[in-house]
Every structure is written in structure tokens, then in C-alpha cells.
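Structure assessment
Residues per chain, in single letters:
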Amino acid sequence: MWPNARLINLFDIELPIIQAPMAGSAFSDIVVAVSEAGGLGSLACALLSVEQARGELETIRRKTSRPINVNFFCHQQPPSDPAREMNWRRRLEAYYVQMGLDHNATVLSSNRAPFDDEMCDLVVEFHPEVVSFHFGLPDRNLLARVRRTGAKIISSATSVDEARWLEDQGCDAIVAQGYEAGGHRGMFLTQNVFTQVGTMALVPEVVDTVKVPVIAAGGIADARGIVAAFALGAAAVQIGTAYLHCPEAQISPIYRQALKEAKDDETAVTNVFTGRPARGLVNRLMREVGPMSDLVPEFPLAAAAVAPLRAKSERVGSADFTPLWAGQAARLNRTLPAAELTKQLAAEALEKLRFLQTMASPEVLAQAAALATVGRPVSR
Ligand SMILES: Cc1cc2nc3c(=O)[nH]c(=O)nc-3n(C[C@H](O)[C@H](O)[C@H](O)COP(=O)(O)O)c2cc1C
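Residues numbered from 1 in each chain as written. Predicted model: local features only at pLDDT ≥ 70, side-chain atom pairs only at ≥ 80, totals over all residues. Heavy atoms only, no water.

**Details of the overall build of the chain**
Our working definition: Counting from the N terminus, the helices are DSSP H or I runs at least four residues long and the strands are E runs at least two residues long. Each residue's exposure class comes from its accessible area (1.4 Å probe, protein chains only) as a fraction of the maximum for that residue type: buried when under 20%, exposed when over 50%, partly exposed otherwise. By definition in these notes, contact holds between two residues if any of their heavy atoms fall within 4.5 Å. Residue burial considers only the protein chains on display, and all accessible areas are found by Shrake-Rupley using a 1.4 Å probe. Lys and Arg are tallied as positive, Asp and Glu as negative. Neither His nor the chain termini are counted. By convention, the charge on Lys lies at NZ, on Arg at CZ, on Asp at CG and on Glu at CD.
On a plain count of helices and strands, the chain comes out with 15 helices and eleven strands. With the principal axes as the frame, the chain shows a C-alpha extent of 75 × 45 × 45 Å. By residue count, 53% of the 380 residues in the chain fall in the buried class. The long-range share in the chain, meaning contacts at least 24 apart out of those at least 6 apart in sequence, stands at 67%. Working note: accessible area of the chain is about 17400 Å², and carbon and sulfur atoms make up 52% of it. In the chain, which carries 37 positive and 41 negative side-chain charges, the distance between the mean positions of the two groups comes to 2 Å.

**Let's talk about unusual backbone geometry**
Gly290 connects to Pro291 through a cis peptide bond whose omega is 5°. Mapping Pro291 onto the fold places it in the loop between α12 (284-289) and α13 (302-315). With an omega of 0°, the peptide bond running from Phe299 to Pro300 counts as cis. For Pro300, the position within the fold is in the loop between α12 and α13. Backbone geometry at Phe135 places phi at a positive 80°, although glycine is not the residue there.

**Thoughts on the sheet that holds strand β8 (residues 214-217)**
Rules: Pairing between strands is defined by DSSP: at least two bridges between the two strands are required. The convention used is that axes are lines fitted to C-alpha atoms, helices contributing only their stretch in contact, and that angles between N-to-C directions extend from 0 to 180 degrees.
Overall, parallel pairing links the eight strands, which are arranged β1-β9-β8-β6-β5-β4-β3-β2 in an open sheet. Each having just a single partner strand, β1 (17-19) and β2 (41-44) make up the two edges of the open sheet. Pairs of neighbouring strands in the sheet enclose a mean axial angle of 25°, with direction left out of account. Here five bridges tie strand β3 (residues 68-73) to strand β4 (residues 130-134), and the two strands are oriented parallel to one another. Looking at the pairing, Asn69 lines up with Val130 of β4. Where helix α2 (residues 28-36) meets the sheet, its contacts fall on β1, β2 and β3, and the angle it forms with β2 comes to roughly 160°.

**Looking at the site of the ligand**
Put simply, the rule is: Near residues are defined by distance, with any heavy atom within 4 Å of the molecule or strand qualifying the residue. Any pair of nitrogen or oxygen atoms within 3.5 Å is treated as a polar contact; in protein, a donor-acceptor pairing is required on top of that, and neighbouring residues in sequence qualify only through side-chain atoms on both sides. Only Asp, Glu, Lys and Arg are considered charged in this grouping, and only Ala, Val, Leu, Ile, Met, Phe, Trp, Tyr, Cys and Pro are considered nonpolar; every other residue, Gly among them, is considered polar.
Within the structure, the ligand sits among 22 residues, and Pro21, Asn71, Gly219, Gly240 and Thr241 are positioned closest to it. Contacts to the ligand include Ala23, whose backbone N or O atom sits 3.2 Å from an oxygen atom. The separation between an oxygen atom of the ligand and a polar side-chain atom of Gln177 is 3.1 Å. When the ligand is considered free in solution it has 590 Å² of accessible area, and contact with the protein chains removes 98% of it. Those elements that place two or more of their residues in the shell around the ligand are β3 and β9 (236-239). Classifying every residue of the shell around the ligand by side-chain character gives eleven nonpolar, eleven polar and no charged.

**Observations concerning the pairing of β3**
For clarity, the cut-off: Seen with its strands pointing away from the viewer, a crossover is right-handed if its path from the first strand over the helix to the second goes clockwise.
A large share of β3 lies buried, amounting to six of its six residues. As a crossover connection, the stretch from β2 through helix α3 (residues 50-63) into β3 is right-handed.

**Overview of the packing of aromatic side chains**
Aromatic ring pairs are defined here through the distance separating the ring centres and the angle between the ring planes. How we decide: Classification of ring pairs rests on two measures: the distance between centres of Phe, Tyr or Trp rings, Trp counted by its six-membered ring, which must be within 6.5 Å, and the angle between planes, read as stacked under 30 degrees, edge-to-face over 60 and tilted in between. When the NZ atom of lysine or the CZ atom of arginine is within 6 Å of a ring's centre and also within 35 degrees of its normal, the charge is said to sit over that ring.
Summed over the entire model, instances satisfying the criterion amount to ten aromatic pairs. An angle of 70° between the planes, with centres 5.4 Å apart, marks the rings of Phe135 and Phe299 as edge-to-face. Residue Phe135 is found in the loop between β4 and α6 (140-148), and its partner Phe299 is found in the loop between α12 and α13; the two are separated by 164 residues along the sequence. By the burial criterion, Phe135 is buried, and Phe299 matches it. Connected via pairs of aromatic rings, a cluster forms that spans Phe72, Phe115 and Phe133. Against the face of Phe299 rests Arg276, its NZ or CZ located 5.4 Å from the ring centre.

**Concerning the packing of α2 against α3**
Threshold: Note on angle classes: values under 35 degrees are labelled roughly parallel, values over 145 roughly antiparallel, values of 65 to 115 roughly perpendicular, and the remainder oblique. Here is the rule for handedness: rotate from the far helix to the near one, and if that takes an anticlockwise turn smaller than a right angle the crossing is left-handed, while a clockwise turn gives right-handed.
It is at 9 Å that the axes of α2 and α3 come closest, and there the two elements cross at 30°. The angle between α2 and α3 falls in the class roughly parallel. Of the two possible hands of crossing, α2 and α3 adopt the one that is right-handed. For the pair α2 and α3, contact is made by Ser28, Asp29, Val31, Val32 and Glu36 and by Glu56, Thr59, Ile60 and Lys63, respectively.

**Focus: the packing of helix α5 (residues 117-126) against α6**
Contact pair α5 / α6: the axes reach a minimum separation of 9 Å and the direction vectors enclose 10°. Taken as axis vectors, α5 and α6 run roughly parallel relative to one another. Together, Asp117, Cys120, Asp121, Val123 and Val124 of α5 and Leu142, Arg145 and Val146 of α6 make up the contact between the two elements. Tallied by class, the residues present in the contact of α5 with α6 amount to five nonpolar, no polar and three charged.

**Here's the deal with the sheet that holds strand β7 (residues 183-184)**
Strands sit in the order β7-β11-β10 across an open sheet of three strands; the sheet is antiparallel. Both outer strands of the open sheet, β7 and β10 (267-270), are each paired with one neighbouring strand and no more. Bridging between β10 and strand β11 (residues 278-281) involves four bridges; their strand directions are antiparallel. The partner of Val269 across the bridge, within β11, is Arg279.

**Digging into the pairing of β8**
Neither face of β8 is open: one carries Val214 and Ala216, the other Ile215 and Ala217, and all of them are buried. Here four bridges tie strand β6 (residues 173-177) to β8, and the two strands are oriented parallel to one another. Residue pairing for β8: Gln177 is matched across the bridge by Ala217. For the segment spanning β8, helix α9 (residues 223-231) and β9, crossover handedness is right-handed.

Here's what the structure looks like:
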């Protein structure tokens with residue numbers, strides 16, 4: 001049915017559609033809905049405490065017995081750098097003054113802790129069928145513990161080198177995350193955001209390099225994108241932004257409204273919210289301080305100084321200091337419950353694939369065969 005069934009078979013799912021893990025926006029409701037619909041629902045744990053993650057996993061396992069993906073960040077926690085943090089606070093000082101905030105105000109910043117022993121205990125306890133990582137892979141011991149649970153392990157690559165590295169470490173499949181993607185760039189072998197590759201070029205280049213199945217991510221929001229991903233050699237798609245429009249996505253009304261009105265040229269990659277490059281809808285902080293700033297403390301330390309500004313502006317209904325993560329295809333939105341969206345995307349993609357097959361008339365095939373002989377080395 002699907003041109004490439006490797007990932008469906010590997011994960012034992014019905015549809016080659018993965019709802020992207022989205023820290024802070026996608027919890028048990030959407031995971032259950034997508035997995036029950038036959039896709040793969042993903043729970044992002046980067047912003048959850050161990051207890052919160054446990055609660056979400058208990059709910060998910062109670063409501064579905066279908067395969068799920070549980071996702072973690074695996075960056076190195078940087079040492080604190082008071083001088084750099086002071087510079088960053090100075091850069092933001094005018095906003096603090098404008099908003100009547102104490103310059104030394106702190107707000108409890110979200111977790112963003114890397115995968116550790118405690119989270120690994122949860123993986124052992126709930127044995128998700130798939131475990132995915134962002135920013136590379138955790139250390140060998142943790143990875144070995146995850147592997148012993150029997151989970152399939154995947155991670156994001158933003159270049160051919162990263163894909164090759166992940167395969168060498170034993171990943172079962174690789175998410176090729178193109179530059180169009182919403183949220184944090186999964187990049188881990190480079191810090192150069194300006195040479196990051198778009199989905200259209202990255203997917204076939206990764207497919208040509210690794211033996212494991214490749215999952216295309218970034219800018220895929222409808223059946224056309226799914227069919228294109230298969231044409232590029234992918235075995236599945238990972239879709240984030242399109243799922244943010246679902247009622248199950250837990251995002252604020254201002255975020256939802258901004259997504260609804262998003263145009264094609266209204267996202268940018270920025271580091272001003274967390275210290276790492278991530279794509280979101282352009283807002284005041286990105287426009288005035290970024291989108292990329294040399295002053296930001298290392299990920300995730302930049303977030304602490306932004307947090308009071310964000311909290312205060314959100315209280316008056318403003319998204320000036322709120323990360324509005326979204327990919328370049330945000331405009332291709334439709335608001336449907338997650339299960340319906342998953343099934344509709346799959347049905348429309350299959351319909352499009354069938355249509356393309358019917359185009360392959362005997363004349364077209366003959367023309368293709370004739371063209372294929374052109375330029376072939378002449379045998380001696
Ligand atoms: C709101 C949001 C949050 C995200 N959080 C995570 C995350 O926690 N872990 C992760 O691996 N990827 C995360 N991503 C990236 C997605 O896995 C995926 O690469 C991206 O959504 C694909 O591009 P698209 O948004 O254009 O569909 C996030 C993306 C968005 C939009």
C-alpha cells in the first residue's frame with residue numbers, strides 16, 4: 001500500500017505518520033489520539049518533571065495499548081557562566097524597565113533537563129516501543145539501558161554526518177530534520193545554523209547514506225508533503241506544527257491565534273529564547289534582539305532571563321516574549337481532532353499516490369524506459 005513499509009513494520013504501526021514530540025505543547029491526549037488512529041503518538045519529556053512524565057505515561061498506557069514514542073533532550077548541561085548571564089540580562093534590561101520588572105526578578109524556569117537515570121527508570125518501567133532523542137544521544141550507559149528495554153531508538157539528524165553518526169551508534173531509524181522544521185534544531189555536530197539543509201535536499205542525501213529507515217521532518221503539513229517525502233526515499237514522516245492546530249494541543253489562545261494567521265514568511269530560526277537555534281513565528285523579542293544573538297548564554301540558560309518578561313507580557317495577552325515554535329508550513333493548517341487529522345492525512349496521501357500510479361500509462365512507462373537508456377555507459 002505505502003511505497004515503503006520499512007518503518008511501519010519496524011514500529012508495528014498502521015500509518016507512517018509520527019506526531020512529533022513537542023515539549024510544552026503535546027501531552028497524553030494527543031499521543032493517545034494519534035496512536036489509536038494508527039500513527040505513532042509522541043510524548044516529549046524535556047519540560048516535564050519525572051513525576052509529571054510518570055502521570056502522562058500512566059494515562060497513555062491506560063488509554064491505549066498501541067505503540068508510543070517517548071522523547072528526551074540529551075544536551076550537556078552547561079556550567080553556569082555568571083559574566084555571560086550578566087551580559088544577557090543587560091541586553092534585556094530596557095524591557096525589564098519598560099515593563100516595571102525588578103531587574104533581578106526570577107521566575108521558576110522550565111525543566112529542560114537532559115535525559116538522566118531517573119528518566120531512564122521511567123523508560124524501564126513503561127517500556128515505550130520507541131524512544132527518541134533530540135541533540136544527539138545520551139551517554140553509552142543510559143543508551144544501553146534503553147536498548148535493553150527492547151525499545152527502538154531514534155534521533156534527529158540535520159546533516160548527513162549526523163545521520164551517519166547516529167547510525168554508527170546503533171539507531172534503528174533516523175529523523176532527517178530539514179531547516180523548515182518548527183522547534184529546536186536537533187543539530188549536535190555543528191553549531192552553524194546558516195549551513196543547515198532543507199528537507200527536500202536533506203532527506204535523499206540521508207537516504208543515500210544510511211541503511212536504516214529515514215523519517216522526513218520539517219515543513220510537512222499535508223498529503224502533498226507526505227507523498228513528496230516518500231518520493232525522496234523516506235519511510236515515514238514526522239509532523240509537528242500541523243498537529244498544533246488540533247484541539248488536543250495544549251497551547252495558549254494567543255499562540256493558537258498566531259498560528260492560525262501565520263503566513264509563509266513569518267517564521268525564523270532564533271536562539272534568543274533558550275540559547276539554541278529553534279524555528280518560531282517572529283515576534284518582538286526575535287525582531288529586536290535576534291533572531292540570532294551572540295550574547296545568549298548556552299542552552300538552556302538563556303531562558304531564565306526571558307522568563308519574567310514572558311510571564312508579565314502573557315498576563316496582558318501579549319506574545320512579545322513567548323516562543324511561538326512553528327515550522328515554515330504553518331500556513332497549511334486545518335483544525336481537526338488529532339485522530340481525524342492523522343487518518344485524513346494518510347487517506348489523502350494514499351489517494352495522491354494512487355493518482356500518480358494511474359498516470360503511469362504504458363506510454364509514460366515506455367518514455368521512462370527510453371530515457372533511462374540515454375546516457376548509460378555503452379557495454380563493450
Ligand atoms: C512546538 C514544537 C515543539 C517541539 N519540541 C520538540 C521536542 O521536545 N523534541 C523533539 O525531538 N522535537 C521537537 N520539535 C521538533 C519536531 O520533532 C519536528 O522536527 C518538527 O516539528 C518538524 O517540523 P514541522 O513542525 O514543520 O512539522 C518541536 C517542534 C515544535 C513545532
